[in-house]
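Here is how the chains run, residue by residue.
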Amino acid sequence: MWLRTFLLSALLFTVGLTEPSAKSYEIPEIHIEVSINKDGTVLITEHLTYDFDGSFSWAQYQLPKQGFTGIRNIKVSENGTVYLNKNNEEKGTFSVSESDEYIRLKWHFIAEDERRTFTVSYTLEGALTIGPKWSQFFWNYLSDERDKSTKKLNISINYPEAVPSDSLFGWTRRPLGRMDLQKEQGRVKISGKSIDDNDFAKVRALFPTSILTNPEITVPDFTLSQVRSEELAYDQKIAERNERKQYWDQTGEVINYVILLLALIIFYVLYQKYGKRYSTSHLSSTETIVTPSRERPAAVGWLLNGRHIVSVHLISTVLDLARRGYFKIRERKPKEGMLEDDDPTFLVERTGQSLQDDLLDWEQDTIQFIEKRLDEDIQQLHKIFKGSNSEVSGWFSKWKNKFKTYCFNQNWIDLTSYNGAYWNLGIQLLLFSIVVGLIFYIGTDIFSALSPSFVFSWFGALITTFVLAILSLIIIRPTQKGEEIKHQWNNYKKGLKNAEEHHISSDKLDKHFIYALAFGLGKDKIEKIFTSHTDTMPVIAWMVFNTNTTSPAAVANTFSTLSATGAASAPGTSGGAGASASAAGGGASASAG
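Quantities reported herein were computed from a predicted structural model and do not represent experimental measurements.

Caption draft 1: Here's a closer look at the nonpolar core. Counting 86 residues, the largest nonpolar core has F385 and F519 as the members making the most contacts within it. In this structure, Y83, L124, F137 and L212 belong to the second largest nonpolar core, which totals 51 residues.

Here you go:
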């Protein structure tokens, strides 16, 4: 119940924020009169009291098709005024519809901010279990799938003749407690209070078969002792359930907090042993625009941005190779037309430079792949690494493996810290599974009835173990060498972010741009690199601009577009998804709108 209540409350709260005048209703009282007729039929009359807050025009009554063989004489009325059975939505009318599982009544009226009581009645056939000496009416008067709780429920079961009270038997069933049952001369009365919306109200009423006229025996072996045995077993089951509930209310909260505390301790210990960062307090934290070393832009980007290989690492490699003379990038004017965009196209061209000894294996692979695509007459930068065939994706997968191997071979990452991350992940997931498993071990019916403090502790343990499992990633740490290199390059990254505060030499603009791209800096940061403290047109040997690019601002815009084009051109950056005697009948529920 608490989970559904929480979700419904959250939904209602959200709706309330956007719809302050939302209407609502309650069904605080339900009075039911049951008449057992001599012919074995059962007349049920329900008086449903609604409290309306807002304007309403209809109400609905839903009855499961179980526990009877037929239904007739369906009526809806209000204070003696009978509603007409018409298939329309006029005031004062009602309609009956039927599905494989339910019979639905819907009646129409006009109500606003008021209390109204409607009466629904119908006659059931085949609803009695008839034995040689004893018969019963076993009925569920409230569905446990209702939307509204009921504060007051009164049921009166009347027999066709006066029956001594010692010949009348009755049992009530309610998951969260007992209802009061009293026997009087010729009838049984049941009362219940504060019945939650997920709670049912079943009553088993037993009476002598002799009060019926020429009854047809439906269950020849039906006896009073059988019913007593079944109800005794049910009472024992409820008693055991209450004992389990009491036990888990007392010990479950302790278990949850022990798991929560254990999860925190395990994470702390493993982090201290494997994940605690090396100090860089002896190093300067002053931002700079001077590169600390000659590391490749893609490799530094990998180190600074969480060791994830993304599209900008491949594109920054391509542009770095162009800066080193292996390619030229030619800017071509955008095509004209209503359906064309305003962005230029960038073409990749050979320079004929031979491969140098300082090339790394993943850089050589990049050059060879680009040249192969150029031989296929694919020159556009945004198309070179795109393709639906397996050749592109297969090559990129191998490229990533080589690039990743290179980065790990630099001794920047403490490989033993992975042991701590794996241990923490495994233990936290185990504890998470234990917390989840409590639901099934305790039983969902008992679990939903436990105290709010238990639920709070359970949610706390669940969320804590889940979050700590995710935080296994932060246990993976750089080596002391890697921490120092990362610190120095972060100073450089800060300098690029604040390019307007530094003097940047025009002959280094392209180099700074490629590093900024590898670091994942945004468009505004990249543009500032080209427009800060310079009014002269920069000369970039590996870049051929179109005739409109004649100022630093235009250059900045071109390189901003180039970075966006490159980031969107690598593989994997876009995609999409294709296209009985022991069972109660009844269980009615009511609603309104």
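Caption draft 2: Highlighting helix α12 (residues 509-519). Along α12, 10 of the 11 residues are buried, which leaves the element largely enclosed by surrounding structure. Those residues of α12 that sit buried are L509, D510, H512, F513, I514, Y515, A516, L517, A518 and F519. Looking one or two places after α12, you find G520, whose phi comes out positive at around 80°.

Caption draft 3: View of the sheet that holds strand β15 (residues 187-195). Strand order in this open sheet of 8 strands is β5-β4-β9-β2-β1-β12-β15-β14, and the pairing throughout is mixed. The strands lining the two open edges of the sheet, one partner per strand, are β5 (81-82) and β14 (180-184). Judged from the 10 bridges that link them, strand β2 (residues 42-53) and strand β9 (residues 115-125) form a sheet pairing that is antiparallel. Within β9, the residue paired with I44 across the bridge is Y122.

Caption draft 4: View of the packing of aromatic side chains. The final tally for this structure, using the stated rule, is 37 aromatic pairs. When the ring of F369 is compared with that of F385, the centres are 5.8 Å apart and the planes differ by 15°; the resulting orientation is stacked. Remark: F385 occurs in the loop between α6 (381-384) and α7 (390-409) and F369 occurs in helix α5 (residues 361-375); sequence separation between them is 16 residues. Classification of F369 by relative accessible area gives buried; the value is 5%. The buried category is assigned to F385, whose relative accessible area is 1%. When the centroid spacing of 6.0 Å and the interplanar angle of 10° are considered together, the rings of F396 and W399 count as stacked. One end of the pair is F396 and the other is W399, both in helix α7 and 3 residues apart, which spans about a single turn. Residue classification places F396 among the buried positions, given a relative accessible area of 8%.

Caption draft 5: How the structure looks around helix α3 (residues 297-304). Most of α3 is tucked away: 8 of the 8 residues are buried. Residues of α3 that are buried include every one of P297, A298, A299, V300, G301, W302, L303 and L304, and no others. Where α3 is buried, its residues contact α4 (311-323), α5, α7, α11 (480-497) and α12. Looking at the residues trailing α3, positive phi occurs at G306, about 80°.

Caption draft 6: Quick peek at the packing of α4 against α12. Running from N to C, α4 and α12 point in directions that differ by 165°, and their axes come no closer than 8 Å. Between α4 and α12, the interaxial angle falls into the category roughly antiparallel. Viewed along their axes, α4 and α12 form a crossing whose handedness is left-handed. Together, V312, H313, I315, S316, L319, D320 and R323 of α4 and D510, K511, F513, I514, L517 and A518 of α12 make up the contact between the two elements.

Caption draft 7: Quick look at the sheet that holds strand β18 (residues 345-350). An order of β18-β17-β19 is seen for the 3 strands of this open sheet, with the pairing classed as mixed. At either end of the open sheet lies a strand with only one pairing partner, and these are β18 and β19 (543-544). By the bridge criterion, 6 bridges tie strand β17 (residues 327-332) to β18 in an arrangement that is antiparallel. The residue bridging R332 from the neighbouring strand is T345, located in β18. Against the sheet, α5 touches β17 and β18, its axis set at about 105° to β18.

What counts, and where the lines are drawn
- Residues numbered from 1 in each chain as written.
- Predicted model: local features only at pLDDT ≥ 70, side-chain atom pairs only at ≥ 80, totals over all residues.
- Heavy atoms only, no water.
- Core = buried A, V, L, I, M, F, W, Y, C linked by side-chain atoms within 4.5 Å.
- Buried < 20%, exposed > 50% of the residue type's maximum accessible area, 1.4 Å probe, protein only.
- Helix = DSSP H or I, 4+ residues; strand = E, 2+ residues; numbered from the N terminus.
- Pairing = 2+ DSSP bridges.
- Phe/Tyr/Trp six-rings, centres within 6.5 Å; stacked < 30°, edge-to-face > 60°.
- Contact = heavy atoms within 4.5 Å.
- Axes fitted to C-alpha atoms, helices over the stretch in contact; angles between N-to-C directions.
- Parallel < 35°, antiparallel > 145°, perpendicular 65-115°, else oblique.
- Left-handed = near helix turned anticlockwise from the far one by under 90°.

Purely geometric stuff here, so don't read any function into it on its own.
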